[in-house]
Amino acid sequence: MATLITGLLSLRRDPRLIKLPPYLSALLVVVGIGWLLILPLNDYSRRTYISENALLPGQVHTYFGGSEHNVFRAYRQEVAGLADVDEDKRSEGLLNILTSQGLKTSTQGYHFSRAGEWRNGTNVYGIIQAPRADATEAMVMIAAWRNADNKINYSGVALVLTLARYFKRWSLWSKDIIVLITPDSTFGPQAWVDAYHESHDPTAVSPLSIKSGALQGAVAVDYPANVWGHRFDKLHIVYDGINGQLPNLDLINTAINIANNQIGIGCTIQRMWNHLDSYQERLLTILRGMLSQAVGHSSGPHSSFIPYHIDAITLQTVGDGWHDEISLGRAVEGLFRSINNLLEHFHQSFFFYLLMQSHRFVSIGTYLPSAMLIAGNFTVTAILLWFLSGRPALKSSTTKPAPSALDEKQLITIIKAQGGVAAIPTQELQIAERDLMLPLIVVFSAHTAGLVPLYVLANTPYATLESLGATITAASALLPVVTAVVVARTTKVSQQQIMVIQCFSLLVLGAALSTLATINFAQAFFVGISAAPLSFVRPISPGVSPSIRKVLTPLAMILFAALTPMALIWGASYYWTVPLRDVLSAAAWAWRAEGVWTGVTVWLVWWPAWACGVFALTTGALQQATKTA
């Protein structure tokens, strides 16, 4: 045992041990990416299944059809007529239709504001009271007047009105059905569900005059056909919620099961219109789903309900085929019949998953290690930097001298250990006193500075966002460089302080991403990959010749300038041909109305770590230049 202890303690002097962590960090990043790449394989994924037996999808006969087709055509004509009038008259017309069906109806106004801009609208809703219940539970059927693609939802609104009239005549409902028609697919649903749970801003959103019970589920219908007799090919199941939250997998599986097996409608997800179930298409579907979750914005009228633990999806028609409004109506009827069977809230199946096609998924226990490994690489590097910063050689000018009893170069302390002796190099037990004041100030200032662009972008008018985006991109890239120059000229920055700055910033980044991965895996994964180079930022070695250093330093600065968050956002907007102004405006409105925290992740987690890395790189370069001079 004494020999084992001696051997382990002697490793502290082995220089190879210090060289290991960078390779370990790189290995964690590579394994994290590789872990994601193997998920589409059959061995790491499962077929979907219904966990909640009470749903009984497809086990009932649907009766929607026949004369309801004529009712739909009549409502479709009325909806087409309302497209040419102003919003007040349109809301009045929709309200009259629901009232004529015998529903308890009301309207709700909202007017979100940001930087002098407004998003106004009026929601129209009605309640079908269940004859077999006491209004303790409810389901929501939604139709946005304009869908997520800003198209008028002609047939979707008409179908929801038709189904409302049809459902009203049935006596089998054990839950109330709320029919909700919103002006758009984002602000209207958000205002309504906020007011339903009395968490709305009274200055922007009106309260609801009538309510029902606890919402058990919501289904939105998106059928924007504006041509008479238009038929569709497939149903696109849209399920992504705000901040990457997802509905219970049972709801998606139920919708797909009913559409496929009972109605004969094919289903697809993540805009994969012709999924052939190959490895490449499975991986692409996963990445598309992760990208949508990482952005965190609303993907349809259903998204606003998910943060309130209300499982919701949007049924969107795509393609040209032989299915018509009757097929879609039967699918919606079957889905509401299944939700109506629930004895308690959705809870049996998964809330964290990655779908790779409509019938195959990966659960959180399988995919979570991918993001955790990438986040772990920052912690490994932080531990290494903390260890190196305590070595006496790094701070010889300020380290307190050792006691006189330890003046010998290799003084050996003899200790008793289980009847034997262990030789411990006392020199290795010495720790340099760390100067934490400057590192704490730098790291804290970086995180505080992130509040400035977060606030400015959220409160800037749309017209000036393009120029402001360029300004913030340049400012966010130059600020750590300028700060490093100022600090280096006014304060003597030691190598130890540079290491502690990097240590603290990477420690915060690793902890934040590890926590974020449990609630928004995709956002933590993409930020972790983008920030991974920060684990390998080091001042250029003093052994490098000055001429080579003069070339490497600018190249390193240019490389890390290209990795600043705003530069990557700009590149993404260029790749997807979306103007940066629209990207920033959508992010600002999402923060204002929906509480999307993506901007917080970018400016208070990602950018501060990047700024600290560039600060350390610049300070180290200035330190070497001063020594050379």
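Reading the values: rules and limits
- Residues numbered from 1 in each chain as written.
- Predicted model: local features only at pLDDT ≥ 70, side-chain atom pairs only at ≥ 80, totals over all residues.
- Heavy atoms only, no water.
- Helix = DSSP H or I, 4+ residues; strand = E, 2+ residues; numbered from the N terminus.
- Expected span 1.5 Å × (residues − 1).
- Buried < 20%, exposed > 50% of the residue type's maximum accessible area, 1.4 Å probe, protein only.
- Arc of directions from axis to C-beta.
- Salt bridge = Lys/Arg side-chain N within 4 Å of Asp/Glu carboxyl O.
- UniProt positions renumbered as here; feature names shortened; annotations may be inferred.
- Phe/Tyr/Trp six-rings, centres within 6.5 Å; stacked < 30°, edge-to-face > 60°.
- Pairing = 2+ DSSP bridges.
- Axes fitted to C-alpha atoms, helices over the stretch in contact; angles between N-to-C directions.
- Right-handed = clockwise from strand over helix to strand, strands pointing away.
- pLDDT = per-residue confidence, 0-100.
- Contact = heavy atoms within 4.5 Å.
- Patch = residues over 30% accessible without salt bridge, like charges linked within 9 Å, V, L, I, M, F, W, Y side chains within 5 Å.
- Areas by Shrake-Rupley, 256 points an atom, 1.4 Å probe, with all protein chains shown as cover.

1. Remarks on helix α12 (residues 437-449)
- The end-to-end C-alpha distance of α12, which contains 13 residues, comes to 18 Å, matching closely the 18 Å that a straight helix rising 1.5 Å per residue would cover.
- Buried within α12 are the following residues: Leu438, Pro439, Val442, Val443, Ala446 and His447. Buried residues of α12, viewed axially, fall in a sector of 160°; they line one side. Among the exposed residues of α12, those pointing more than 90 degrees away from its buried face are Met437 and Phe444.

2. Considering the pattern of salt bridges
- This structure, assessed with the given rule, holds ten salt bridges.
- Here Glu68 and Arg165 are joined by a salt bridge, their closest N and O atoms 3.9 Å apart. One end of the pair, Glu68, is in helix α3 (residues 68-82); the other, Arg165, is in helix α5 (residues 154-168), with 97 residues separating them in the sequence.
- Look at Arg165 and you get partly exposed, because its relative accessible area is 34%.
- Close ionic contact of Arg282 with Asp277 constitutes a salt bridge, the shortest N to O distance being 2.8 Å.

3. Notes on the UniProt feature "transmembrane region" (unreviewed entry) in the protein chain
- Look at the UniProt record and you will see "transmembrane region" (unreviewed entry) annotated at residues 20-41, 367-388, 436-456, 468-487, 499-517, 552-576 and 596-617.
- Its end C-alpha atoms 27 Å apart, residues 468-487 is made of 100% helix and 0% strand.
- Helix makes up 100% of residues 499-517 and strand 0%, with an end-to-end C-alpha separation of 27 Å.

4. So, the packing of aromatic side chains
- Considering all chains together, one arrives at 22 aromatic pairs under this definition.
- Geometrically, the ring pair formed by Tyr166 and Phe167 is tilted, given 5.8 Å between the ring centres and 50° between the ring planes. Of the two residues, Tyr166 and Phe167, neither departs from the other in class, the shared state being buried.
- With centroids separated by 5.6 Å and ring planes inclined at 75°, the aromatic side chains of Tyr223 and Phe232 adopt a geometry described as edge-to-face.
- On the basis of relative accessible area, Tyr223 is assigned to the buried category, the value being 1%.
- Overall, Phe232 belongs to the buried group, its relative accessible area being 0%.

5. What to know about the side chain of Ser349
- By the element assignment, Ser349 lies in the loop between α9 (325-341) and β10 (353-357).
- With relative accessibility at 9%, the residue Ser349 sits in the buried group.

6. Examining the sheet that holds strand β6 (residues 214-222)
- Reading across the sheet, the eight strands line up as β2-β3-β5-β4-β6-β9-β7-β8 and stay open at both edges, with mixed pairing between neighbours. Taken across any chain shown, the strands that pair with only one partner, and hence form the sheet edges, are β2 (104-114) and β8 (266-269). Sheet twist, expressed as the mean angle between neighbouring strand axes with direction ignored, is 25°.
- As defined by bridge partners, β2 adjoins strand β3 (residues 117-128) across eleven bridges and the pair is classed as antiparallel.

7. Thoughts on the pairing of strand β5 (residues 176-182)
- With seven of its seven residues buried, β5 lies for the most part within the structure.
- Note: β3 against β5, five bridges, orientation antiparallel. Bridge assignment links Gly126 to a residue of β5, and that residue is Val179.
- Across seven bridges, strand β4 (residues 137-144) lies against β5 in parallel orientation. When the sheet's bridge partners are listed, Ala143 is paired in β5 with Ile181.
- Where the polypeptide runs from β4 across α5 and back to β5, its parallel neighbour, the crossover connection is right-handed.

8. A short note on the confidence of the model for the protein chain
- In this model, the protein chain carries an average pLDDT of 89, and 89% of its residues clear a pLDDT of 70 or more.
- In this model residues 395-417 is a low-confidence stretch, pLDDT under 50, and it forms 31 contacts with partners more than four residues away in sequence or in other chains.
- Low confidence marks residues 420-426, where pLDDT is under 50. Its contacts with residues over four positions away, or in another chain, come to 22 contacts.

9. A look at unusual backbone geometry
- A positive phi is found at Glu198, a non-glycine position, where the angle reads about 55°.
- If you trace the backbone, Glu198 turns up in the loop between α6 (187-196) and β6.
- Positive phi values are uncommon outside glycine, yet Asn243 reaches one of about 60°.
- Inspection of the secondary structure assignment puts Asn243 in the loop between β7 (232-238) and α7 (249-263).

10. Here we look at the side chain of Thr48
- Note that Thr48 resides in the loop between β1 (46-47) and α3.
- Look at Thr48 and you get buried, because its relative accessible area is 17%.
- When sequence neighbours within four positions are dropped, the list of residues in contact with Thr48 reads Asn253, Leu355, Ser358, His359, Arg360 and Phe361.

11. Regarding helix α14 (residues 465-490)
- With 26 residues, α14 ought to run about 38 Å at 1.5 Å a step, and its terminal C-alpha atoms sit 36 Å apart, in line with that.
- Along α14, the positions that sit buried rather than exposed are Leu465, Leu468, Gly469, Ile472, Thr473, Ser476, Ala477, Pro480, Ala484 and Val487.

12. Some words on the sheet that holds strand β11 (residues 360-363)
- As summarised here, the arrangement of the three strands in space is β1-β11-β10, forming an open sheet in which the pairing is antiparallel. Each end of this open sheet is capped by a strand with a single partner; those strands are β1 and β10.
- Taken together, the two bridges between β1 and β11 define a ladder with antiparallel strand orientation. Counterpart to Arg46 in the pairing with β11 is Phe361.

13. So, the environment of Leu55
- As for its position among the elements, Leu55 is in the loop between β1 and α3.
- On the basis of relative accessible area, Leu55 is assigned to the buried category, the value being 0%.
- For the pair formed by Leu55 and Leu342, sequence separation is 287 residues and the distance between their alpha carbons is 6.0 Å.

14. Considering a nonpolar patch on the surface
- Residues Ile33, Leu37, Leu41, Tyr44 and Tyr279 make up a contiguous nonpolar surface patch of about 410 Å² in total accessible area.
- Position of Leu37 among the secondary structure elements: in helix α2 (residues 15-37).

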